[in-house]
Amino acid sequence: MTAHKPTSFHQRLIQALRGWRRRVVNRRRAHADSRHLAGMSEHELRDLGIGRSEVPGLLDEHRY
């Protein structure tokens, strides 16, 4: 027996699911990054060259 080739519908469905998974992973990573940065001291943030007021803008800038 031969295996069925995925139809274009199946290919689109698989691509949509992969895209959804990628967005979920990116969202979780961004949330973890924001929690990490929020927990850092002013001194640690200054060592990175950023101020606390810049953190939200930096996170929004690198969002998906």
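For clarity, every value in this text was computed on a predicted model and none was experimentally measured.

1. Comments concerning the pattern of salt bridges
Taken as a whole, this structure holds one salt bridge when the rule is applied. Where R52 meets E42, a salt bridge forms, and the shortest distance between an N and an O atom there is 2.8 Å. In this pair, R52 sits in the loop between α2 (42-48) and α3 (55-61) while E42 sits in helix α2, placing the two residues ten residues apart along the sequence. Judged by relative accessible area, which is 38%, E42 ranks as partly exposed.

2. A look at the nonpolar core
Counting residues in hydrophobic clusters, the biggest one holds six residues: L37, M40, L45, I50, V55 and L59. Setting aside residues no more than four positions away along its own chain, L45 makes contact with L37, M40, I50, R52 and V55.

3. Points about the confidence of the model for the chain
In low-pLDDT segments, the atomic positions of the prediction should not be examined closely. Averaged over the chain, the pLDDT score is 86; the fraction of residues at 70 or greater is 86%. Considering each helix and strand of the chain separately, the mean pLDDT is smallest for α3, with a value of 80, and largest for α2, with 94.

How each quantity is defined
Residues numbered from 1 in each chain as written. Predicted model: local features only at pLDDT ≥ 70, side-chain atom pairs only at ≥ 80, totals over all residues. Heavy atoms only, no water. Salt bridge = Lys/Arg side-chain N within 4 Å of Asp/Glu carboxyl O. Helix = DSSP H or I, 4+ residues; strand = E, 2+ residues; numbered from the N terminus. Buried < 20%, exposed > 50% of the residue type's maximum accessible area, 1.4 Å probe, protein only. Core = buried A, V, L, I, M, F, W, Y, C linked by side-chain atoms within 4.5 Å. Contact = heavy atoms within 4.5 Å. pLDDT = per-residue confidence, 0-100.

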